Structures are given as structure tokens and as C-alpha cells.
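So you can see what is in the structure, the chains are spelled out below.
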Amino acid sequence: MKKKDRFLKVFSNLPIDLRKEIILVIDDQPVTWNVAYGEIMDETKLGEKILKKLIELELI
């Protein structure tokens, strides 16, 4: 399964209120599920970093 697909599978099952929670800190910036979604869907460099870190932490 692609990294992006793994993320979408988890994201789609999250309660809407939980999507506002901070899940990571990258480059001293907090990242919520919603921010991660935007970056990953736009296929940015930050989105790739987020995917890599979420997989390392076994969150997706």
C-alpha cells in the first residue's frame, strides 16, 4: 500500500474533533492531522516528511 493511501485510510476513520490535535512537531512547527492532510494531498516536501515520520512512529 502506498504511503499516501495508508495515511488516507487512517485519516478517514478519525473523528473530526481529533483531526485538530497535534500529531507531530517538524522543524519546530506543530502539525495537526488537518495540516498533514493538506500537505500530503498537495504532495509537498513537508508532506513527504510528515508521511515518513508517521510511518516511523507507526501511526499509519
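It should be noted that the structure appears before, not after, this text.
My aim in this report is to walk through the structure given alongside it, one point at a time. (Residues numbered from 1 in each chain as written. Predicted model: local features only at pLDDT ≥ 70, side-chain atom pairs only at ≥ 80, totals over all residues. Heavy atoms only, no water.)

The subject of this paragraph is the packing of helix α2 (residues 33-41) against helix α3 (residues 45-56). The relative placement of two packed helices comes down to the angle between their axes together with the axis-to-axis distance. In the contact formed by α2 and α3, the axes pass within 7 Å of each other and the chain directions differ by 120°. Compared by their axis directions, α2 and α3 come out oblique. Our pair here, α2 against α3, has a crossing hand that is left-handed. Of α3, the residues touching α2 (which contributes Ala36, Glu39 and Ile40) are Leu46, Gly47, Ile50 and Leu51. Here the contact of α2 with α3 is built from residues that sort into five nonpolar, one polar and one charged. (Axes fitted to C-alpha atoms, helices over the stretch in contact; angles between N-to-C directions. Helix = DSSP H or I, 4+ residues; strand = E, 2+ residues; numbered from the N terminus. Parallel < 35°, antiparallel > 145°, perpendicular 65-115°, else oblique. Left-handed = near helix turned anticlockwise from the far one by under 90°. Contact = heavy atoms within 4.5 Å. Nonpolar A, V, L, I, M, F, W, Y, C, P; charged D, E, K, R; others polar.)

This next bit is on the pairing of strand β1 (residues 22-26). One ladder, built from four bridges, connects β1 with strand β2 (residues 29-32); its direction is antiparallel. Opposite Ile22, over in β2, you have Thr32 as the bridge partner. Taking the residues that link successive antiparallel strands as the turn, the β1-β2 hairpin has two residues, and the phi of Asp27 there is positive, at about 55°. (Pairing = 2+ DSSP bridges.)

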